[in-house]
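Each chain, letter by letter, is given below.
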Amino acid sequence: QLQVEPDKTVVFRKKFNLDSGAQAKMRRARLLLSPIADKGVVYLNGWKVGDCASNHQNSDLNLNGLLRVGDNVIVVVITNTGPSGNMARECLIIP
């Protein structure tokens, strides 16, 4: 689990590549994130795909066909407004 210092904002970024076969299977993909504390905003390829604001519940975000052939980038911006904050332990793309 990645910790976020009090009153700080951090950005986590993951770049990955999909070939045309993999991309075709991901048209209705979802992004599953384990709990984030305190507030998270998730982007895929520059498009906002959702907000995460619970440190007790997983987030399930629809990627709405935004995955493309070639390079893709997921960005999670975490803002900690309290004494302790953290990034999700798990970040999974489900076809």
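Scroll up to find the structure this text is about.
Remember, predicted model here, so these are calculated numbers, not experimental data.

> Where do I start with the environment of R68 in this structure?
Mapped onto the fold, R68 is located in the loop between β6 (59-62) and β7 (70-80). Residue classification places R68 among the partly exposed residues on the basis of a relative accessible area of 42%. If we skip the residues at most four places from it in the chain, R68 touches L18, Q23 and N45.

> Looking at this model, I keep getting lost on the side chain of N45. Mind explaining?
Relative to the helices and strands, N45 resides in the loop between β4 (39-44) and β5 (47-52). In terms of polar contacts, N45 uses its side chain to reach the backbone carbonyl oxygen of L66, at 3.1 Å. In terms of polar contacts, N45 uses its side chain to reach the backbone amide nitrogen of V73, at 2.8 Å. Not counting the four nearest positions on each side in its chain, N45 is found in contact with L66, L67, R68, D71, N72 and V73.

> What should I look at first to understand the nonpolar core in this one?
Side chains that are nonpolar tend, in soluble globular proteins, to be buried together. Judged by nonpolar contacts, the single largest core of 19 residues is most densely connected at V42 and L67. When residues of this core are traced back to their parent elements, those giving at least two are β2 (8-18), β3 (30-33), β4, β5 and β7. Here the element with the most residues in this core is β7; it accounts for three residues. In this structure L67 touches F16, L18, Q23, M26, A29, L44, N45, N72 and I93, once residues within four positions along its chain are discounted.

> When you look at the environment of K15 in this model, what are you seeing that I'm missing?
Positionally, K15 belongs in strand β2. Residues K15 and V73 lie 58 residues apart in sequence; the distance between their C-alpha atoms is 4.4 Å. Other than its neighbours up to four places away in sequence, K15 contacts D71, N72 and V73. A distance of 3.5 Å separates a polar atom in the side chain of K15 from a polar atom in the side chain of D71.

What counts and what doesn't
Residues numbered from 1 in each chain as written. Predicted model: local features only at pLDDT ≥ 70, side-chain atom pairs only at ≥ 80, totals over all residues. Heavy atoms only, no water. Helix = DSSP H or I, 4+ residues; strand = E, 2+ residues; numbered from the N terminus. Buried < 20%, exposed > 50% of the residue type's maximum accessible area, 1.4 Å probe, protein only. Contact = heavy atoms within 4.5 Å. Polar contact = N/O pair within 3.5 Å; in protein donor to acceptor, adjacent residues only side chain to side chain. Core = buried A, V, L, I, M, F, W, Y, C linked by side-chain atoms within 4.5 Å.

Such coordinate-based values are descriptive only and should not be taken to indicate function.
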